[in-house]
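An overview of the molecular structure
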Amino acid sequence: MKHLMSGNEATARGVYEAGIKVCSAYPGTPSTEILENLPQYGKDVYCEWAPNEKVATEVATAQHGRLPLLLHHEDGGPERGRRPPVHRRLHGRQRRLCVVTADDPSCHSSQNEQDNRHYARAAKIAMVEPSDAQECKDFVRLACEISEEFDTPVLYRTTTRVCHSKGLVEFGERVEPRGPRL
């Protein structure tokens, strides 16, 4: 059965299906609805709002790679919260982490316009970029699979248009993370 969902709602569903257990975020347009939609999936996903992007990043990375995690930022968030994941990547302390960033081209709802795809290149990490609601759900799972397979953060980049546009989304089953490699 397919469901009509926004990109943000589909991303939240993808977080649940990917088996993510901990989500920490700083609220901001255009991605606030991702964390707001997660509580409907019950106690399977722990969610918390952080006072800023750096704290959200630290909460997510403090899990010591035990579980796939999600950290989402509004446009401009990686600029303020980038140090922990970038430094961990550059200094060899890799983590399984899906970093969600929602850019706002043309500044429809944010204070600045920037292209966060450059962070993936600078940190030498993989990036996925969905183009519709179904891909939003599927690509979160893909980002988590890549992150688990290679024990590295993955940037999940979306935009205002994708976050707020609606489309049909087919649900899948929740998978549990494999856990850390020994």
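Residues numbered from 1 in each chain as written. Predicted model: local features only at pLDDT ≥ 70, side-chain atom pairs only at ≥ 80, totals over all residues. Heavy atoms only, no water.

The next point concerns the environment of Asn-52. With respect to the helices and strands, the residue Asn-52 is situated in the loop between strand 3 (46–49) and helix 3 (53–61). With 26 residues separating them along the chain, Asn-52 and Tyr-26 place their C-alpha atoms 5.5 Å apart. At a separation of 3.1 Å, a polar atom in the side chain of Asn-52 contacts the main-chain amide nitrogen of Lys-54. (Helix = DSSP H or I, 4+ residues; strand = E, 2+ residues; numbered from the N terminus. Polar contact = N/O pair within 3.5 Å; in protein donor to acceptor, adjacent residues only side chain to side chain.)

This part takes up helix 3. Every buried residue of helix 3 is accounted for by Glu-53, Ala-56, Thr-57, Ala-60 and Thr-61. One side of helix 3 holds all its buried residues, which, seen down the axis, span an arc of 125 degrees. For helix 3, the N-terminal cap is Asn-52; the gap from its side-chain oxygen to the backbone nitrogen of Lys-54 is 3.1 Å. (Buried < 20%, exposed > 50% of the residue type's maximum accessible area, 1.4 Å probe, protein only. Arc of directions from axis to C-beta.)

Turning to the pattern of salt bridges, a few remarks are in order. Within the structure shown, the criterion is met by 8 salt bridges. Close ionic contact of Arg-157 with Asp-103 constitutes a salt bridge, the shortest N to O distance being 2.8 Å. Placement of the pair is Arg-157 in strand 7 (residues 153–159) and Asp-103 in strand 5 (residues 97–103), with a sequence separation of 54 residues. A single burial state applies to Arg-157 and to Asp-103, both of which are buried. When the shortest N-O distance is used, the salt bridge between Arg-141 and Glu-145 registers 3.6 Å. One end of the pair, Arg-141, and the other, Glu-145, are both in helix 7 (residues 133–150), 4 residues apart, so they sit about a helical turn from each other. Given a relative accessible area of 26%, Arg-141 falls into the partly exposed group. Using a relative accessible area of 43% as the deciding quantity, one classes Glu-145 as partly exposed. Linked by salt bridges that have partners in common, Arg-13, Glu-17, Lys-137 and Asp-138 make up one network. (Salt bridge = Lys/Arg side-chain N within 4 Å of Asp/Glu carboxyl O.)

With that settled, the discussion passes to the packing of aromatic side chains. One pass over the structure, following the stated rule, counts 1 aromatic pair. Ring plane angle 15 degrees and centroid distance 4.8 Å describe the contact between Tyr-16 and Tyr-41, whose orientation is recorded as stacked. Of this pair, Tyr-16 sits in helix 1 (residues 7–17) while Tyr-41 sits in the loop between helix 2 (32–37) and strand 3, and the two are 25 residues apart along the sequence. By relative accessible area, Tyr-16 is classed as buried at 17%. (Phe/Tyr/Trp six-rings, centres within 6.5 Å; stacked < 30°, edge-to-face > 60°.)

With that out of the way, let us pick up the state of the cysteines. Under the definition given, this model contains 0 disulfides. Free of any disulfide, Cys-23 has its nearest neighbouring cysteine sulfur in Cys-47, separated by 4.8 Å. (Disulfide = S-S within 2.5 Å.)

Moving on to the environment of Val-175. Position of Val-175 relative to the elements: it lies in the segment after strand 8 (166–170). For Val-175, a relative accessible area of 28% translates into the label partly exposed. With 157 residues separating them along the chain, Val-175 and Ala-18 place their C-alpha atoms 5.7 Å apart. Excluding anything up to four places from it in sequence, Val-175 contacts Glu-17, Ala-18, Gly-19 and Arg-141. (Contact = heavy atoms within 4.5 Å.)

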